[in-house]
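What follows is the residue order along each chain.
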Number of protein chains: 2
Amino acid sequence: MHLSDQEIARASKMRPIVQIAEKLGIPEEDIRPYGKYVAKLPLKLINEEKIKGKKLILVTAITPTKAGEGKTTASIGLAEGLNKIGVKTAVVIREPSLGPVFGMKGGAAGGGYAQVLPMESINLHFTGDFAAIEKAHNLLAALLDNHIHNQKNTLNIDPRKIVWKRVMDMNERALRDVVIGLGGSAQGVPRESGFDITAASEVMAALCLSKDLMDLKEKLGNIIVGFTYQDEPVRAHQLKAQGAMAALLKHTIMPNLVQTIEGNPAIIHGGPFANIAQGSNSIIATKMGLSLADYVVTEAGFASDLGGEKFLDLKCQYGKLKPNAVVIVATIRALKSHAGIPFDDLKIPNPEAVRAGLPNLEKHIENMKHFMLVPVIAINRFATDSGEEIEEVRKFCQGLRVKAALCDAWERGGEGAIELAETVKEAAESGKSNFTPLYDFDWGIEQKIETVARKIYGAADVEYSVKAKQQLKLFRKIGLDKLPVCIAKTQYSLSDDPNLINRPSGFTIKIREFDIAAGAGFIIPIAGTIMRMPGLPSKPAAENIDIDADGNITGLF
Amino acid sequence: MHLSDQEIARASKMRPIVQIAEKLGIPEEDIRPYGKYVAKLPLKLINEEKIKGKKLILVTAITPTKAGEGKTTASIGLAEGLNKIGVKTAVVIREPSLGPVFGMKGGAAGGGYAQVLPMESINLHFTGDFAAIEKAHNLLAALLDNHIHNQKNTLNIDPRKIVWKRVMDMNERALRDVVIGLGGSAQGVPRESGFDITAASEVMAALCLSKDLMDLKEKLGNIIVGFTYQDEPVRAHQLKAQGAMAALLKHTIMPNLVQTIEGNPAIIHGGPFANIAQGSNSIIATKMGLSLADYVVTEAGFASDLGGEKFLDLKCQYGKLKPNAVVIVATIRALKSHAGIPFDDLKIPNPEAVRAGLPNLEKHIENMKHFMLVPVIAINRFATDSGEEIEEVRKFCQGLRVKAALCDAWERGGEGAIELAETVKEAAESGKSNFTPLYDFDWGIEQKIETVARKIYGAADVEYSVKAKQQLKLFRKIGLDKLPVCIAKTQYSLSDDPNLINRPSGFTIKIREFDIAAGAGFIIPIAGTIMRMPGLPSKPAAENIDIDADGNITGLF
């Protein structure tokens, strides 16, 4: 019988974090401990000179399905595998949100024998980063409402045009749409507002795109909280908010060091959404990893059209990063899903269905080639996969002259990822990748959107609503048109229609409206309905979580 | 020129927290570090055998005025003074809330040369305790609204009778009264609700009255979140919330160890309000201090009629604690305030006004005698106090056969509190205190309220509104009448009218209604208007807070 992720985590012997730091050449006095197994790392460990010549490996995936792809598991497994073949590697990933912990899926820090530890701490509060981001975000909201109520709105803010909501790291359906400021003239000015989940906060996005504390403070000051009656943007610095917000984030800006099950370094920092934000860990953490190890394995949320594209166009351009190879994670189950096989039948071997689902993988391979990157396919193994099915994928990749390797890290840890590690190492060292972003920031907004939509999504056309067209005019007027675009759309399809699985074509991307993240440094064209605040399911995971007298937590996975 | 509190704090040389732990006989492997200067302490360090024979000193104060009393400063100073005269002492106090940090008064961790360090960390996030309490509280709210929306309200909860709000550690006027669940049938059930500040959370009160994690989990399960259409109480355990809530508080239940400016141990843990809750640090922290040091100096919020009475009746009865002496902090300025002297004239020597304000002090002395405690008066010195004014207080105390001592810790640290320390030591070791609570929990609710109102407030009578009378009937029906009472009233008067300063008499305490804290273990008779969510002032302190490239924070004080 298989052990649960939590049982595996608990049975693993952790090393004191000072030993993990030592592996990276960090002296004990430089780390800021949080208990014995977690530490924050000072930004002075980032060394641009050392980064040169290091290898950055991006892990992305095919289009997500209910079947699951295991991208985090594959990333951690790949890092274990690389360390096993003698390559000094750090895995650098996002911090989990509390929302899913209590909601649908329980904790998230890899799975099986490819996990980061201490799993419980990472999933519950960790080093307080999400809480600090939440506080900084909500302080700005409090200052904003206080300005209108108590400072007589000298900034002339139109309460109907406030775009800054509040955030809470919780699946909180009931807070999506609220009316605040009720109760009479002593309680503020009534207005419609709402709460997003903390991962969707622009403060999170800004933190993850900052190069240091002063850069972060500047980004926070540039946040647009709303507009005046004359449609002039009102920014956080006009509320004198950025100093206190940055002070709240003093330690949050430091990346967190933990360990994998096999005692290799893992750096976990920041967790922005991959639809309305960039969907990958902080630039600071990636650079920290590259400064301290020879290889960094990192991942981006959802598939290559969402987190992948944003990693490459936004994060790499802002952070001046150049990936050396990219891994596309695919599973036999997910490929069969893309062929339309129902969830309950996915365990039945069906090579033909695998073949029918391969066009999805093909598109993601093409996408990475648009960025001039050499892709490696990781077939993330499940026990129900048949040899014939796996052979289908291998043959297909051979036909495209793309390397493929099995990844069995969930079952066997680094040992199960050695083939993948060797393939990735070869690809990274081949020098065949010559990373080139898809667009320059100074292109027009429509040109940027259309380039992503046509090249990456495979769209035939892009349409803008009347509202979106008006916003485009405003953006040009107030000088936001030179920002990169972070297109928000469903993760379940390459198109903006979640029902169009596999590799759709001929579709039109419809831009309904734009959100602004002027502080973090991008604008968000919204294609479809985007959820910024999830709800709890009818059986919340929280109901099964418990703790005993010795502090052992159960039910997290 | 005087240095600011922040300048004094920054100029102080801190010792590594392992050295402070060592002073208390705690080996390094037993502490859970949060950076180099803060650590959490495991509950196994509590030792009931060791507590016997140790001395517990409560610090309370006269009725607060705008002039300020400096109770925390006096508590820290007294602990420094006791250590200076060779008594191994720990000061055990509450954690500050972020609300005041960004609102009116800036940070709070003592003042002048009587501070706890690291001041910035203590005031900003600290070890994440407030954030964890907030999350546990709000998880219960999310589960509650999700139950009504998604689980078809099988518990039959009347949405109009939900008493569980949400919390945020922020001065957030605009969130006091809100309507949630708007936006249509996918977004939940619309209803009126609101946010309290986190210090007002029942989870905070429960944590601070718990003896261990299992006791806390039970208390959390007993929280009453609302009532059914048939007026049956609905508790958190019916929503299966207590396990996940307790898991979130796994580390929060551990007290935090920091240091005073003079390198003595300070334990800081929990921060409940002193009007709607018990207003003092956790029972766990107090017992931890008594287990590790010979003397514990602790304080309770506001004056003897609020935090003082609740410390003695609630906390001491629940925690089986017996204070050995009590310090009543008074200032010349505050006494003159009670005589009606305007704020701007308080610096002018006026012995007659001091004399006229002394009845307030006299009442607080009487109050402590009702508990069979020996009081010591600490005259917390300000530069503008004249010798003649101080002499007035000394003479008055002599007349009552009560010891008084100057406290000049703000200016001179422990050196300035030696007289006070010696006086307190003598009182504690005299054996003259024989602590007796004012009432037994099994008295009737009205009897408990009237005893406190008449004996401690000096009221002539107690009146109940029609609503309060109905609630009393309900409490008897559902068995809440054996809980202690935690009366919520203004801190600015011994009565329930903030305008009645000094020592009012002949007044009636009007109980408007009751709140319930059935999980934490008390009911809250509300006399007057109680603010559970402060607002930001027109010039929020946040506007002046800043941080530089080296991480130096300014404007916190």
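Parameters and conventions
Along each chain, residues carry numbers from 1 onward, in the same order as the chain's sequence is written. The lettering of chains begins at A and the numbering of ligands begins at 1, in the order of writing. Where local features are concerned, this predicted model is filtered to residues with pLDDT of at least 70; where side-chain atom pairs are given and counted, the filter is 80 or more; whole-chain, interface and lining totals use all residues. No hydrogens and no water enter the side-chain calculation; it runs on all heavy atoms of the structure. Residues belong to a common nonpolar core when they are buried Ala, Val, Leu, Ile, Met, Phe, Trp, Tyr or Cys residues joined through side-chain atoms within 4.5 Å. Think of it in three bands: residues with accessible area under 20% of the maximum for their type are buried, residues over 50% are exposed, and the middle band is partly exposed, with areas taken using a 1.4 Å probe on protein chains only. Residue contacts follow a heavy-atom distance rule, with two residues in contact if any of their heavy atoms lie within 4.5 Å. We count a stretch as a helix when DSSP gives it H or I for four or more residues in a row; a strand needs E for two or more, and each element gets its number in order from the N terminus. For two strands to be treated as a pair, DSSP must find no fewer than two bridges joining them. Side-chain rings of Phe, Tyr and Trp (the six-membered ring for Trp) are treated as a pair once their centres are within 6.5 Å; stacked means planes under 30 degrees apart, edge-to-face means over 60, and tilted covers the remaining angles. Cation placement over rings: the criterion is NZ of Lys or CZ of Arg within 6 Å of the ring centroid and within 35° of the ring normal. In superposing the copies, a least-squares fit is computed on C-alpha atoms, taking residues whose pLDDT is at least 70 in both. The quantity reported as buried area is the accessible area (1.4 Å probe) lost by two parts once they are put together, taken as the sum for both. By convention in these notes, a salt bridge is any Lys or Arg side-chain nitrogen within 4 Å of a carboxyl oxygen on Asp or Glu. UniProt positions are given in the numbering used here, feature names are shortened, and annotations may be inferred rather than shown by experiment. Between the N-to-C directions of two axes lies an angle of 0 to 180 degrees, each axis being a line fitted to C-alpha atoms and, for a helix, fitted only over the stretch in contact. Left-handed describes a crossing whose near helix is turned anticlockwise from the far helix by less than a right angle; the clockwise case is right-handed. Only Asp, Glu, Lys and Arg are considered charged, only Ala, Val, Leu, Ile, Met, Phe, Trp, Tyr, Cys and Pro nonpolar, and every remaining residue, Gly among them, polar.

**Student:** Could you clarify how one ought to interpret the nonpolar core in this entry?
**Tutor:** Note that soluble globular proteins tend to have their nonpolar side chains buried in a common cluster. Within the largest apolar cluster, 318 residues are counted, with the highest numbers of intra-cluster contacts made by Phe102(A), Leu361(A), Phe102(B) and Leu361(B). Phe102(B) has contacts with Leu139(A), Ala244(A), Leu248(A), Leu124(B), Met170(B), Leu536(B), Pro540(B), Ala541(B), Ala542(B) and Ile545(B), leaving out every residue within four places of it along the chain.

**Student:** Is there a simple way to think about the pairing of strand 23 (residues 522-526) of chain A in this case?
**Tutor:** All names here are of chain A. Across the five residues of strand 23, five count as buried, placing the element largely inside the fold. On strand 23, burial covers both faces: Phe 522, Ile 524 and Ile 526 on one face and Ile 523 and Pro 525 on the other are all buried. Across five bridges, the pairing between strand 22 (residues 513-517) and strand 23 is antiparallel. Bridged to Ile 516 within strand 23 is Ile 523. Between strand 22 and the antiparallel strand that follows it, strand 23, lie four residues; Gly 521 among them carries a positive phi value of about 105°.

**Student:** Where do I start with the packing of aromatic side chains in this structure?
**Tutor:** Each aromatic ring pair is described using two quantities: the centre-to-centre distance and the angle formed by the ring planes. For the structure on display, the rule yields twelve aromatic pairs over all chains. Here Tyr439(B) and Phe441(B) contribute two aromatic rings whose centre-to-centre distance is 6.5 Å and whose plane-to-plane angle is 45°, an arrangement assigned as tilted. Each member of the pair, Tyr439(B) as well as Phe441(B), carries the same accessibility label: buried. An aromatic cluster of at least three residues, connected via ring pairs, comprises Tyr318(A), Tyr439(A), Phe441(A) and Trp443(A). Over the face of the ring belonging to Tyr318(B) we find Lys219(B), whose NZ or CZ atom lies 5.9 Å from the ring centre. Directly above the aromatic system of Tyr457(B) lies the positively charged group of Lys489(B), at a separation of 4.8 Å from the ring centroid.

**Student:** Got a minute to help me understand the relation of the copies chain A and chain B in this structure?
**Tutor:** Related by rotation about an axis and a shift along that axis, the two copies of the chain form a pair. For the match of chain A to chain B, the screw axis carries a shift of 0.0 Å, the RMSD comes to 0.0 Å, and the turn is 180°. A rotation of that kind, with that shift, is consistent with a two-fold axis. Interface residue correspondence from chain A to chain B reaches 100%, placing this contact among same-surface, isologous pairings.

**Student:** Where do I start with the pairing of strand 14 (residues 256-260) of chain A in this structure?
**Tutor:** Walk down a regular strand and you will see the side chains alternate between the two sheet faces. Residues and elements named next belong to chain A. Where burial is concerned, most of strand 14 is hidden: five out of the five residues are buried. The pairing of strand 2 (residues 39-40) with strand 14 spans two bridges and is antiparallel. Each bridged residue has a counterpart across the sheet, and for Ala 39 the counterpart in strand 14 is Leu 257. As paired elements, strand 6 (residues 114-117) and strand 14 share two bridges and run antiparallel to each other. Looking at the pairing, Leu 117 lines up with Gln 259 of strand 14. One ladder, built from four bridges, connects strand 14 with strand 15 (residues 265-268); its direction is antiparallel. Of the residues in strand 15, the one forming a bridge with Leu 257 is Ile 267. What sits between strand 14 and strand 15 in their antiparallel hairpin is a turn of four residues, with Gly 263 showing a positive phi close to 80°.

**Student:** Teacher, can you tell me more about the interface of chain A and chain B here?
**Tutor:** In many analyses, interface size is given as the accessible surface area lost on bringing the parts together. Between chain A and chain B, the residue contacts involve 75 residues of the former and 75 residues of the latter. Together, the buried faces of chain A and chain B total about 6100 Å²; carbon and sulfur atoms form 60% of this surface. Applying the counting criterion to the chain A and chain B interface returns eight salt bridges. Arg166(B) is the salt-bridge partner of Glu172(A), the closest N and O atoms lying 2.7 Å from each other.

**Student:** How should the UniProt feature "binding site: ATP" (unreviewed entry) in chain A be read in this particular structure?
**Tutor:** Residue and element names in this part refer to chain A. If you check UniProt for "binding site: ATP" (unreviewed entry), the listed places come out as Thr 65, Lys 66, Ala 67, Gly 68, Glu 69, Gly 70, Lys 71 and Thr 72 in our numbering. Position of Thr 65 among the secondary structure elements: in the loop between strand 3 (55-61) and helix 4 (71-84). Residues within four places of Thr 65 in sequence aside, it is in contact with Ala 334, Ser 337 and His 338. For Glu 69, the location among the structural elements is in the loop between strand 3 and helix 4.

**Student:** Just to check I follow, could you spell out the packing of helix 8 (residues 202-209) of chain B against helix 9 (residues 213-221) of chain B for this structure?
**Tutor:** Between two packed helices, the angle of one axis relative to the other and the distance separating the axes together describe the packing. Residue and element names in this part refer to chain B. It is the contact of helix 8 with helix 9, at a shortest axis distance of 9 Å, that shows an interaxial angle of 145°. In this structure, helix 8 meets helix 9 at a crossing whose hand is right-handed. Of helix 9, the residues touching helix 8 (which contributes Val 203, Ala 206, Leu 207 and Leu 209) are Asp 215, Leu 216, Lys 219 and Leu 220. Grouping the constituent residues of the contact of helix 8 with helix 9 by class yields six nonpolar, no polar and two charged.

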